[in-house]
Amino acid sequence: MICAIDFGSCCIRSVFRNPRTPGRLSMYAEKSEYALIPDTGHHRRSLADQQIPFAECEGSLAVVGNNAARAQWLSRVPCTPLFVEGAVPSDDPPARQMLSVLTEAMLPPVDAERSLCVLTVPGVPHESHRVQNNAEFLSRLIRMRGYSPFVVNPAEASLLATCHDATFTGISIVMGAETTSVCIARYGISLAKESIAIGSNWIDTEVARQFQVQVWDGDGNSFIDLESIRQWKQQSCPHLRNAVGDRERMMSRLYVVVLDRVTRTVAQLLQSTPVRNALQRQKLAVMLSGGATMIEGFASLLTERFIEHEIAERIQSIRLAPDPATAVVRGALIFGELEARALAVEEAA
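Residues numbered from 1 in each chain as written. Predicted model: local features only at pLDDT ≥ 70, side-chain atom pairs only at ≥ 80, totals over all residues. Heavy atoms only, no water.

## Notes on the domain arrangement of the protein
Line of reasoning, step 1. Domain boundaries in the protein define domain 1 (1–30 + 84–90 + 98–151), domain 2 (33–81) and domain 3 (158–320).
Line of reasoning, step 2. Between the C-alpha centres of domain 2 and domain 3 the distance comes to 33 Å. (Domains from an automatic or database assignment.)

## A few points about the sheet that holds strand β16 (residues 315–320)
Line of reasoning, step 1. In space, the five strands of this open sheet follow the order β12-β11-β10-β15-β16, with mixed pairing throughout. Lying at the two open borders of the sheet, with one neighbouring strand each, are β12 (189–196) and β16. Adjacent strand axes in the sheet meet at a mean angle of 15 degrees when their direction is disregarded.
Line of reasoning, step 2. Strand direction decides the pairing type here: strand β10 (residues 170–175) and strand β15 (residues 284–289), joined by four bridges, are parallel. The residue bridging V174 from the neighbouring strand is S289, located in β15.
Line of reasoning, step 3. Lying on the sheet, helix α10 (residues 298–308) is in contact with β10, β15 and β16; it crosses β16 at an angle near 155 degrees. (Pairing = 2+ DSSP bridges. Helix = DSSP H or I, 4+ residues; strand = E, 2+ residues; numbered from the N terminus. Axes fitted to C-alpha atoms, helices over the stretch in contact; angles between N-to-C directions. Contact = heavy atoms within 4.5 Å.)

## Description of the environment of S317
Line of reasoning, step 1. Relative to the assigned elements, S317 resides in strand β16.
Line of reasoning, step 2. S317 sits 119 residues away from I198 along the chain, and the two C-alpha atoms are 24 Å apart.
Line of reasoning, step 3. When neighbours within four sequence positions are excluded, S317 is seen to be in contact with L284, A285 and V286.

## Structural notes on the pattern of salt bridges
Line of reasoning, step 1. This model, assessed by the stated rule, comprises 14 salt bridges.
Line of reasoning, step 2. Between R44 and D39 there is a salt bridge whose closest N-O contact spans 2.7 Å.
Line of reasoning, step 3. The partly exposed category is assigned to R44, whose relative accessible area is 27%.
Line of reasoning, step 4. Salt-bridge contacts for E313 lead to R281; the nearest nitrogen and oxygen are separated by 3.6 Å. One end of the pair, E313, is in the loop between α10 and β16; the other, R281, is in the loop between α9 (273–279) and β15, and 32 residues separate them in sequence.
Line of reasoning, step 5. When its relative accessible area of 53% is taken as the criterion, R281 is described as exposed. (Salt bridge = Lys/Arg side-chain N within 4 Å of Asp/Glu carboxyl O. Buried < 20%, exposed > 50% of the residue type's maximum accessible area, 1.4 Å probe, protein only.)

## Concerning the nonpolar core
The tendency in soluble globular proteins is for nonpolar side chains to be buried side by side.
Line of reasoning, step 1. Grouped together as the largest cluster of nonpolar side chains are 40 residues, with contacts concentrated most on I171, I173, Y255, V262, V266 and F298.
Line of reasoning, step 2. Among the elements that take part in this core, helix α8 (residues 245–270) stands out by supplying 11 residues, more than any other.
Line of reasoning, step 3. Contacts of F298, omitting those with residues within four sequence positions, involve M175, L240, Y255, L259, L288, A292 and T293.
Line of reasoning, step 4. In this structure, C3, F16, L102 and L119 belong to the second largest nonpolar core, which totals 28 residues. (Core = buried A, V, L, I, M, F, W, Y, C linked by side-chain atoms within 4.5 Å.)

## As for the side chain of H43
Line of reasoning, step 1. Here H43 lies in helix α1 (residues 41–49).
Line of reasoning, step 2. Polar contacts involving the side chain of H43 include one to the main-chain carbonyl oxygen of P38, which spans 3.5 Å.
Line of reasoning, step 3. Those residues within four positions of H43 in sequence are excluded, and the remaining contacts are I37, P38, L61 and L74. (Polar contact = N/O pair within 3.5 Å; in protein donor to acceptor, adjacent residues only side chain to side chain.)

## Comments concerning the side chain of T263
Line of reasoning, step 1. Locating T263 in the fold gives a position in helix α8.
Line of reasoning, step 2. At a separation of 2.7 Å, a polar atom in the side chain of T263 contacts the main-chain carbonyl oxygen of L259.
Line of reasoning, step 3. Each residue touching T263, except ones within four places of it in the same chain, is listed here: L302, R305, F306, H309 and I311.

## Brief notes about the sheet that holds strand β4 (residues 33–38)
Line of reasoning, step 1. Ordered in space as β5-β6-β4-β7, the four strands form an open sheet in which the pairing is antiparallel. The open sheet terminates on both sides in strands that have one partner only, identified here as β5 (55–57) and β7 (80–81).
Line of reasoning, step 2. The pairing of β5 with strand β6 (residues 60–64) spans three bridges and is classified as antiparallel. Across the sheet, residue C57 finds its bridge partner in β6, namely S60.
Line of reasoning, step 3. Sheet strands touched by α1: β4, β5 and β6. Its angle to β6, the strand with the most contacts, is close to 25 degrees.

Right, dumping it as structure tokens:
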């Protein structure tokens, strides 16, 4: 059995070939959050009436994953992320237990002595302690299901799923909720890669703060309402190059800040010795993946930043990946299948 799981700070996704029909894929997605509901008879009955599963948690009722959104109306406190700023929380035992529960539910039972699961780990490489803790904890969850874990960079995985028409050569950019990953590859082999500790959550948080988009609990404590900003983006469909209103204009400026950092990273990777030796001055296709890249005008705004930073002559095209939200997990599955073939060849030799 070969499967893949993308531990995203906004959504956890898994994919594997259907055991009954190997030509088809089975894919699951769960929100990376949980809701805490007051433990009262009324709330228990409400959850039971809607058939929402819950667990008892230190005087509250915890609802995890996609069910958290269904139960949110029962609480005045926003959902709590399972990954705090892209990290597995060390001081939140319920969150760690819920990650274990979700992982178990989203992976199929192993059906062979050697089963491989490719996973992505939140965080950026230069924050070595945090990434190491993330990798150790999440890999342990994978082993508990009977799989051998194999960690892959999100941008590398996305390239395998989206750049086949460019012979897997080009620049892969994956922008998620907390992290943006960049990889430059030739024929599917990574030449240079980097991750930046910034993503769509930073943009949404800054918009919410500026326009005071908040909610209050029963004691009068205020909380930033990120979910309201996300729903506004989905409903209003803002365009980064044709912003209307103060909120859209501010969001466009924030995207410029993020894309400036991305562009500087791309420029640095293009100047790295492995890239210069392998690709010379070859023009490269750029493939965009991740939920944050789906906003209208993203590719156009990135083109503008490439021109501003004087690297546009190295770019052949900028494209949004087919189904950008699932590109990473689909590529991780491809990575796993390639790795399994390589292991089989080594064993035969």
